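# Coordinates in review
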Amino acid sequence: MTLAATLWAIGLFVYYGLPLALLPLSPWFALLLIPAILTTTTNWALMHEAIHNNFHPDGRINNAFGRINGILFGAPYETLKFGHLLHHSINGTPPDRPEYFEPAKQSRLAASLIFYPRLMFGLYAVEVIGAFAVFLPRSVLQKKLTPLFPSESGEDRATRYLLDPRRLTQIRIDAAITIALIALAFWCYGAAWPLLALAILARGVLISFADNGYHYEAPIGQGARAAYNLRLAGGAAILNFNLHQVHHRHPNLPWRALPAAFAADQDTYDGKYFRTMARQLRGPVDYSTLN
């Protein structure tokens, strides 16, 4: 709970504390945005604990934290939860691997024009756009969901989960609060609004860039092996998210239990964290080379 409170305080500081209390004193205080934004990965990792019901044993507290954190994060919690749990269910399959392309169907240039924007900001952009899209009529949302999922089962799951009337109402409430808080934050920044825009952009880059880094060029069709365990000094700072293969093998384990599971499973590291993440800059990968 202490970590959650700290991250919430940082989020509120970025939105309101900095522009109202410090920027009027000196524009140099804008540099405080850098360490604040660097907490993004930790913030996502803590929300990830809530998604797997590991943040708190009381489900009501767990979900309340997830909703509040999602609002400050910039996207409704339930949409993030669905997307992540879907990722777990299709991990190691082609639809979950945005880096691959088939030369017979798509040129490398065309694949690159899709891959790099998604890598740099695309995932977070979709999450933010989703906060506005949820206000469309339910019938329209159902039609829009159809092309987003690779199978009828995926589409059906999305419809049943996201468009459940009670859950959709909750998502819309969270989205409305999210939009209102961000709009208020831009008003607080006034003429310095580009600083907030850059901070949100940087947050989006960190989220999107790290999203598939744990899977880039990993084997297709091998379940948990389609994720990496990455060596990172101080991995606890991102709640051991670097032990990603362990997490996929034991998705219900809380973050503190992952190192012990890594040892018990006699796992090994697949590479270094930052080097593996940077490898994504090579771009899209020919599907035939993934196996």
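Conventions we followed
- Residues numbered from 1 in each chain as written.
- Predicted model: local features only at pLDDT ≥ 70, side-chain atom pairs only at ≥ 80, totals over all residues.
- Heavy atoms only, no water.
- Helix = DSSP H or I, 4+ residues; strand = E, 2+ residues; numbered from the N terminus.
- Rg over C-alpha atoms; globule rule 2.2 N^0.38 Å.
- Contact = heavy atoms within 4.5 Å.
- Areas by Shrake-Rupley, 256 points an atom, 1.4 Å probe, with all protein chains shown as cover.
- Salt bridge = Lys/Arg side-chain N within 4 Å of Asp/Glu carboxyl O.
- Axes fitted to C-alpha atoms, helices over the stretch in contact; angles between N-to-C directions.
- Parallel < 35°, antiparallel > 145°, perpendicular 65-115°, else oblique.
- Left-handed = near helix turned anticlockwise from the far one by under 90°.
- Nonpolar A, V, L, I, M, F, W, Y, C, P; charged D, E, K, R; others polar.
- Phe/Tyr/Trp six-rings, centres within 6.5 Å; stacked < 30°, edge-to-face > 60°.
- Buried < 20%, exposed > 50% of the residue type's maximum accessible area, 1.4 Å probe, protein only.
- Lys NZ or Arg CZ within 6 Å of the ring centre and 35° of its normal.
- Expected span 1.5 Å × (residues − 1).
- Bend = angle between axes of the 7 residues up to and from the residue.
- Patch = residues over 30% accessible without salt bridge, like charges linked within 9 Å, V, L, I, M, F, W, Y side chains within 5 Å.

## Here's the deal with the overall build of the protein chain
- The helix and strand inventory of the protein chain stands at 13 helices and four strands.
- Relative to the compact-globule value of 19 Å for 291 residues, the protein chain shows a C-alpha radius of gyration of 19 Å, a close match.
- Pairs at least 24 residues apart make up 70% of the contacts formed inside the protein chain by residues separated by at least 6 positions.
- Taken as a whole, the protein chain presents about 14600 Å² of accessible surface, with 66% of it coming from carbon and sulfur.

## Let's talk about the pattern of salt bridges
- By the definition in use, this model includes ten salt bridges.
- Where D58 meets R60, a salt bridge forms, and the shortest distance between an N and an O atom there is 3.4 Å.

## A look at the packing of helix α3 (residues 40–51) against helix α4 (residues 59–73)
- Interhelical geometry of α3 versus α4 gives an angle of 150° and a closest axis separation of 9 Å. One way to sum up the angle between α3 and α4 is to call them roughly antiparallel. The chirality of how α3 crosses α4 is left-handed. Where α3 approaches α4, its residues T40, N43, W44, L46, M47, E49 and A50 are matched on the opposing element by N62, F65, G66, N69, G70 and F73.
- Looking at side-chain class alone, the contact of α3 with α4 contains six nonpolar, six polar and one charged residues.

## With respect to the side chain of E49
- Assignment of secondary structure puts E49 in helix α3.
- Not counting the four nearest positions on each side in its chain, E49 is found in contact with N54, F55, N62, L239, P254 and W255.

## Digging into the environment of A50
- Mapped onto the elements, A50 comes out in helix α3.
- For the pair A50 and N69, spaced 19 residues apart in the sequence, the C-alpha separation amounts to 9.7 Å.
- Contacts of A50, omitting those with residues within four sequence positions, involve F55, N62, F65, G66 and Y77.

## Description of the packing of helix α1 (residues 2–22) against α4
- Orientation of α1 relative to α4, taken along the N-to-C sense of each, is 25°, at an axis distance of 10 Å. Our classification of the angle between α1 and α4 gives roughly parallel. Where α1 crosses over α4, the handedness of that crossing is left-handed. Of the residues in α4, those touching α1 at A4, W8, L12 and Y15 are F65, I68, N69 and L72.
- Within the contact of α1 with α4, the residues separate by chemical class into seven nonpolar, one polar and no charged.

## Some words on the side chain of H244
- Along the polypeptide, H244 turns up in helix α11 (residues 244–249).
- In contact with H244, not counting residues within four places along its chain, are H87, Y214, H215, A227, Y228 and N229.

## With respect to the packing of aromatic side chains
- For the structure shown, the criterion picks out 13 aromatic pairs.
- Centre to centre, the rings of F121 and Y124 are 6.0 Å apart; their planes meet at 75°, and the pair counts as edge-to-face. Note that F121 and Y124 are positioned in helix α6 (residues 108–133) at a spacing of three residues, about one turn of the helix.
- The buried category is assigned to Y124, whose relative accessible area is 1%.
- Positioned above the aromatic ring of Y161 is the side chain of R167, whose terminal nitrogen or guanidinium carbon lies 3.8 Å from the ring centre.

## Some remarks on unusual backbone geometry
- Even without a glycine there, the phi angle at E217 is positive, about 65°.
- With respect to the secondary-structure elements, E217 resides in the loop between α10 (193–211) and β2 (230–231).
- A positive phi is found at N240, a non-glycine position, where the angle reads about 55°.
- Position of N240 among the secondary structure elements: in the loop between β2 and α11.

## Description of helix α9 (residues 165–189)
- Taking 1.5 Å as the rise per residue, α9 with 25 residues should run 36 Å; its terminal C-alpha atoms sit 36 Å apart, in good agreement.
- Buried within α9 are the following residues: L168, I171, D174, A175, T178, I182, A185, C188 and Y189.
- Two residues or fewer after α9 comes G190, characterised by a positive phi angle close to 60°.

## So, α6
- Given a rise of 1.5 Å per residue, 26 residues ought to cover 38 Å, yet the end C-alpha atoms of α6 are separated by just 31 Å, more than 12% below that figure.
- The axis of α6 is deflected most strongly, by about 70°, at F121.
- Within the sequence span of α6, burial applies to A111, S112, F115, L119, G122, Y124, A125, E127 and A131.

## Side note on a nonpolar patch on the surface
- The grouping of W28, L31, I34 and L38 at the surface amounts to a nonpolar patch, some 510 Å² of accessible area in total.
- Within the element layout of this structure, W28 appears in the loop between α1 and α2 (33–37).

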